[in-house]
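So you can see what is in the structure, the chains are spelled out below.
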Amino acid sequence: ETGVTQTPRHLVMGMTNKKSLKCEQHLGHNAMYWYKQSAKKPLELMFVYNFKEQTENNSVPSRFSPECPNSSHLFLHLHTLQPEDSALYLCASSQDRGGRRDTEAFFGQGTRLTVV
Amino acid sequence: AQSVAQPEDQVNVAEGNPLTVKCTYSVSGNPYLFWYVQYPNRGLQFLLKYITGDNLVKGSYGFEAEFNKSQTSFHLKKPSALVSDSALYFCAVRPSSGSARQLTFGSGTQLTVLP
């Protein structure tokens, strides 16, 4: 295991539902990320948090709402999603203290989301 | 803006033969380069990275990659492929300096090793 745990592993939700994805890392990292993985496409970076502060939002629709209560936990709140939002959502963490960029990211196993 | 190209969606190789998965990148300044592997229904696992120094980088499971600055490439290689190497491979780049900080991934290459 990578030290990054995501729950649930699978989620099916209707377009009017509200649900949340959870990510927890046990690595002592300060940076956490949400990525969207769709078939045949590069991973899309959605949000970045560093020491609980959001540092990037890559033009993600407001129906996706992140929350980072502390450096170990990251949530992605979902509401009124569209079928095209169906994808694998990956959480990752890395140690970026001091502005370091040479550290690798550690990924969770992902949540397979299906919007019906 | 930085980018990564993995020109082959699919690579097939016979077990025991050498394998190469190609990656080229575009970034301002010096790059930090990474390879990740993804097995079915799993997240990405780190394989190896190039930061500085020797252009040939060795990583997990017998994989290695060669950084070529003039060709802006970072191809993944293994001398003898195993069936268990069959997976989806991602190349990624991150600029070592400048305002753009994040990791950018390619679209992935599906490697199939045939017994």
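Residues numbered from 1 in each chain as written. Chains lettered and ligands numbered in written order. Predicted model: local features only at pLDDT ≥ 70, side-chain atom pairs only at ≥ 80, totals over all residues. Heavy atoms only, no water.

### As for empty space enclosed by the protein
The condition that has to hold: Here a cavity denotes a set of grid points, spaced 1 Å apart and computed over the protein atoms alone, in which a 1.4 Å probe fits but from which it cannot get out, and a pocket denotes an open set meeting protein on both sides within 12 Å along at least five of seven lines; residues with an atom within 4 Å of a point are reported as lining. Grid points are joined across faces, edges and corners, and a volume is the space filled by probe spheres set on the points. Each residue gets one of three labels, nonpolar for Ala, Val, Leu, Ile, Met, Phe, Trp, Tyr, Cys and Pro, charged for Asp, Glu, Lys and Arg, and polar for the others, Gly among them.
Taken as a whole and assessed by the stated rule, the structure comprises one cavity of 30 Å³ or more. The space that makes up the largest cavity amounts to roughly 40 Å³. A:Tyr33, A:Tyr35, A:Ser94, A:Thr103, A:Ala105, B:Arg94, B:Gln102 and B:Leu103 are the residues that line the largest cavity. In terms of residue class, the lining of the largest cavity is built from four nonpolar, three polar and one charged.

### With respect to the state of the cysteines
Here is the rule we go by: Two cysteine sulfur atoms make up a disulfide if the distance between them is within 2.5 Å. Each helix is a run of H or I in the DSSP string that is no shorter than four residues. Each strand is a run of E no shorter than two, and both are numbered from the N terminus. Three labels apply to residues, based on accessible area from a 1.4 Å probe with only protein chains included: buried if under 20% of the type maximum, exposed if over 50%, partly exposed otherwise in between.
Counted according to the given criterion, the structure contains two disulfides over all chains. At a sulfur-sulfur separation of 1.9 Å, the disulfide partner of A:Cys23 is A:Cys91. Its torsion about the S-S bond being -75 degrees, the disulfide of A:Cys23 and A:Cys91 is classed as left-handed. In this pair, A:Cys23 is assigned in strand β3 (residues 18-25) and A:Cys91 in strand β9 (residues 87-94), connecting sequence segments 68 residues apart. In terms of burial, A:Cys23 and A:Cys91 fall into one category: buried. Paired through a disulfide, B:Cys23 and B:Cys91 show a sulfur-sulfur distance of 2.0 Å. Here B:Cys23 and B:Cys91 share a disulfide; its torsion about the S-S bond, -60 degrees, makes the bridge left-handed. In this pair, B:Cys23 sits in the loop between β3 (19-21) and β4 (24-26) while B:Cys91 sits in strand β10 (residues 87-95), placing the two residues 68 residues apart along the sequence. Each of the two residues, B:Cys23 as well as B:Cys91, counts as buried.

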